[in-house]
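Examination of the molecular architecture
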Amino acid sequence: MTQTPPNRRLWSDVTVFDGLATLPDPMAVIVEDERIARLIPMAEFSDPLADACRDMGSGGVMTPGLVDCHTHLVFGGGRADEFEARLEGVSYEEIARRGGGILSTVKATREASEESLFRAALPRLEAMIADGATTVEIKSGYGLTVADELKMLRVARRLGEALPVRVVTTLLGAHALPPEYRDDGDAYIDLVCEEMIPAAAAEGLADAVDVFCEKIAFSVAQCERVFQAAKAHGLPVKAHAEQLSNLGGTALAARHGALSADHIEYLDQAGIDAMREAGSVAVILPGAFHTLRETQQPPVAALRQAGVPMAVATDANPGSSPLFMPTLMLNLACTLFRLTPSEALAGMTAHGAAALGLTGLGRIQEGTPADLCVWDIDSPAELAYAVQPGRLRQRVFQGVPSHDA
Ligand SMILES: N=CN[C@@H](CCC(=O)O)C(=O)O
Ligand SMILES: [Zn+2]
């Protein structure tokens with residue numbers, strides 16, 4: 001009897017959501033090493049093919065591994081007190097103006113050692129993995145000194161080495177104005193451009209550079225300087241933009257070829273047109289919208305009409321979105337923003353990967369990386385319909401199933 005190669009695995013009779021749409025027929029999926037080798041409709045599948053594979057089971061729904069393209073998973077402390085203050089009517093912006101909000105997490109993150117940040121972030125990332133994430137972006141932005149931003153990015157890299165998940169890192173030095181620069185935002189931007197970005201680039205710690213373009217953060221002109229510095233160091237850019245007001249940060253980001261503009265509740269048609277021309281991804285973050293009890297909806301219908309790809313992410317962070325469950329975002333994207341379940345799922349697979357510049361990831365196609373989830377459900381829409389942990393039967397990262405058969 002011939003020995004089945006252990007690196008060739010077969011899932012049969014699965015309903016496949018390929019990252020953009022659900023395939024019409026039940027499929028056989030063969031993974032060889034780290035890649036998807038064959039996708040065959042069951043009607044065309046033959047026994048000899050099955051005999052050459054390890055049987056990984058049949059039935060269920062297969063999706064690409066979930067891609068959470070916007071998180072702030074590494075942070076010190078917590079902000080439950082602000083949650084309570086907001087329930088009593090104090091706004092997110094008011095808390096920020098009083099020196100709380102992001103800056104209260106900055107204080108706790110600066111005080112924390114690299115080791116304690118790592119230990120605190122580990123269970124957050126484990127929770128995301130247990131919910132189907134195979135790629136997670138992690139931003140800095142709570143350090144706001146060169147040393148503390150690099151410390152956060154090092155923790156993010158370490159998390160990716162410690163757990164079976166692809167971690168993509170983003171330098172978000174221009175997240176908030178630290179207290180020591182309170183009266184001189186431009187001087188802080190000098191630090192970001194002249195020291196932080198070069199240091200992160202030199203150490204290979206950042207895969208992209210992000211900014212927060214908002215009245216309570218940085219102006220369009222300041223963000224532009226950050227983008228120019230990022231470009232000079234060969235790093236792609238993205239932006240938190242149009243979250244609380246319409247400053248034009250998205251159009252600026254698009255002019256700089258941004259991978260994505262994120263939040264975008266206040267985005268206007270000019271911004272949408274700029275994104276379409278630049279090929280930027282619109283990252284919608286229903287967790288922050290929900291937590292901050294916002295009322296301004298992102299322009300989903302206009303983005304759809306313009307053909308701008310929409311990604312969906314958790315924005316997991318201690319303030320505006322203390323929600324560490326990617327599948328919950330599928331539900332919220334539908335209930336709050338009226339995405340279809342298929343759009344929401346594409347937003348956390350193919351389009352989430354595009355928002356990170358990872359072409360080919362987040363798809364189930366012959367030749368793409370084998371990052372997969374098999375769910376105990378009957379149709380992909382059920383993932384967005386019910387918020388129900390425990391449905392992930394199998395998670396495959398780089399061809400290796402979490403519970404190898
Ligand atoms: N909008 C700016 N930054 C984060 C919030 C971080 C925080 O409140 O700590 C966000 O994406 O929502
Ligand atoms: Zn964010």
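Residues numbered from 1 in each chain as written. Chains lettered and ligands numbered in written order. Predicted model: local features only at pLDDT ≥ 70, side-chain atom pairs only at ≥ 80, totals over all residues. Heavy atoms only, no water.

Points about the UniProt feature "domain: Amidohydrolase-related" (unreviewed entry) in the chain
As a reminder of what qualifies: UniProt positions are given in the numbering used here, feature names are shortened, and annotations may be inferred rather than shown by experiment. What counts as a helix is a DSSP run of H or I of at least four residues, what counts as a strand is a run of E of at least two, and both are numbered from the N terminus.
Following the UniProt record, the feature "domain: Amidohydrolase-related" (unreviewed entry) maps to residues 61-389 here. Summarising residues 61-389: 45% helix, 15% strand, and an end-to-end C-alpha distance of 15 Å.

So, the site of ligand 1
To keep it simple, the criterion reads: In these notes, residues near a molecule or strand are those with any non-hydrogen atom within 4 Å of it. Areas reported here follow the Shrake-Rupley algorithm with a probe of radius 1.4 Å; residue values treat only the protein chains shown as occluding. Residues were grouped as follows: Ala, Val, Leu, Ile, Met, Phe, Trp, Tyr, Cys and Pro as nonpolar; Asp, Glu, Lys and Arg as charged; and all remaining residues, including Gly, as polar.
Near ligand 1 there are 15 residues, and of these Y92, Y142, H175, D315 and S320 occur at the shortest range. Protein chains shield 100% of the accessible area of ligand 1, which is 320 Å² for the free molecule. Split into classes, the residues belonging to the shell around ligand 1 amount to four nonpolar, nine polar and two charged.

Here's the deal with the domain arrangement of the chain
Worth spelling out the cut-off: Source of the domain bounds: an automatic or database domain assignment. Buried area counts how much accessible surface, traced with a 1.4 Å probe, disappears from two parts once they are put together, with both parts' losses summed. For this document, the term salt bridge refers to a Lys or Arg side-chain nitrogen within 4 Å of an Asp or Glu carboxyl oxygen. Under this definition, polar contacts are N or O atom pairs within 3.5 Å; protein pairs additionally need one hydrogen-donor-capable and one acceptor-capable atom, and for neighbouring residues in sequence, both atoms have to be side-chain atoms.
Split into domains, the chain comes out as domain 1 (8-64 + 363-402) and domain 2 (66-355). Computed over C-alpha atoms only, the centres of domain 1 and domain 2 are separated by 31 Å. A combined buried area of about 1,700 Å² lies between domain 1 and domain 2, and 67% of that area is made up of carbon and sulfur atoms. Between domain 1 and domain 2 we count one salt bridge in total. One salt bridge connects D371 with R166, and the closest N-O pair in it is separated by 2.5 Å. Scanning the region where domain 1 abuts domain 2 turns up seven residue pairs in polar contact (both at pLDDT 80 or more). Looking at the side of domain 1 that touches domain 2, the elements with two or more residues in it are β5 (61-64), β14 (372-375), α16 (381-385) and β15 (392-397).

Overview of the packing of helix α6 (residues 146-162) against helix α7 (residues 185-202)
The condition that has to hold: Axis definition: a line fitted to C-alpha atoms, limited for helices to the stretch in contact. Angles are taken between N-to-C directions and run from 0 to 180 degrees. The crossing is said to be left-handed when, going from far helix to near helix, the turn is anticlockwise and less than a right angle, and right-handed when the turn is clockwise. Residues count as neighbours in contact if any of their non-hydrogen atoms are within 4.5 Å of one another.
Between α6 and α7, whose axes approach to 10 Å, the crossing angle comes to 35°. You can see that α6 and α7 cross each other, and the crossing is right-handed. Side by side, α6 and α7 meet where V146, E149, L150 and L153 of the first sit next to L191, E195, M196, A199 and A200 of the second. Residue classes in the contact of α6 with α7 are distributed as seven nonpolar, no polar and two charged.

Here's the deal with the sheet that holds strand β9 (residues 208-213)
Stated precisely, the cut-off is as follows: At least two DSSP bridges between two strands are required for those strands to pair.
Read from one edge to the other, the open sheet built from eight strands follows the order β6-β7-β8-β9-β10-β11-β12-β13, with strand pairing classed as parallel. If you trace the sheet from one side to the other, it starts and ends with β6 (66-68) and β13 (310-312), each paired once. Adjacent strand axes in the sheet meet at a mean angle of 25°, parallel and antiparallel pairs treated alike. Two elements, strand β10 (residues 237-241) and strand β11 (residues 260-263), share four bridges in a ladder whose sense is parallel. Within the sheet, the bridge partner assigned to H240 lies in β11 and is D262. Running at roughly 170° to strand β8 (residues 166-174), α6 makes contact with β7 (133-139) and β8 of the sheet.

Here's the deal with the nonpolar core
This is how the line gets drawn: To form a nonpolar core, buried Ala, Val, Leu, Ile, Met, Phe, Trp, Tyr and Cys residues must be joined to one another through side-chain atoms within 4.5 Å. Exposed residues in this analysis have more than 50% of their type's maximum accessible area, buried residues have under 20%, and partly exposed residues fall in between, with area computed by a 1.4 Å probe over protein chains only.
By size, the foremost hydrophobic cluster in this structure holds 61 residues, and its most contacted members are V74, L125, V136, I138, L159, I197 and V226. Considering each element in turn, this core owes the most residues, eight residues, to α7. Ignoring anything within four residues of it in the chain, the contact list for V74 reads L117, A121, R124, I138, Y142, M152, V155, A156 and L159. Ranked by size, the runner-up nonpolar core spans 36 residues in total, among them A261, I264, A333 and F337.

So, the packing of aromatic side chains
The criterion, for reference: For Phe, Tyr and Trp, rings pair up if their centres lie within 6.5 Å, where Trp contributes its six-membered ring, and each pair is then called stacked (planes under 30 degrees apart), edge-to-face (over 60) or tilted (otherwise).
Tallied over the entire structure, the rule returns three aromatic pairs. When the centroid spacing of 6.0 Å and the interplanar angle of 20° are considered together, the rings of Y188 and F218 count as stacked. Here Y188 is found in helix α7, whereas its partner F218 is found in the loop between β9 and α8 (220-232), with 30 residues between them in sequence. A residue is classified by how much of its surface remains accessible, and Y188, at 0% relative accessible area, is buried. Residue F218 is classed as buried on the basis of its relative accessible area, which comes to 1%. Taking 4.9 Å as the distance between ring centres and 75° as the angle between the ring planes, the aromatic pair formed by F289 and F337 counts as edge-to-face. Remark: F337 occurs in helix α13 (residues 326-337) and F289 occurs in helix α11 (residues 286-291); sequence separation between them is 48 residues. The structure contains a cluster of three or more aromatic residues connected by ring pairs, namely Y181, Y188 and F218.

Regarding the environment of R124
Within the secondary structure, R124 is located in helix α5 (residues 114-130). Under the relative-accessibility criterion, R124 is labelled buried at 14%. For the pair formed by R124 and M325, sequence separation is 201 residues and the distance between their alpha carbons is 9.2 Å. When sequence neighbours within four positions are dropped, the list of residues in contact with R124 reads L73, V74, F75 and F324. For R124, the side chain forms a polar contact with the main-chain oxygen of L73, separated by 2.7 Å.

Digging into unusual backbone geometry
Unusually for a residue other than glycine, D13 sits at a positive phi of about 55°. With respect to the element layout, D13 can be found in strand β1 (residues 8-16). Unusually for a residue other than glycine, I264 sits at a positive phi of about 50°. Tracing the chain through its elements places I264 in the loop between β11 and α10 (269-278). Given the relative accessible area of 0%, I264 is considered buried.

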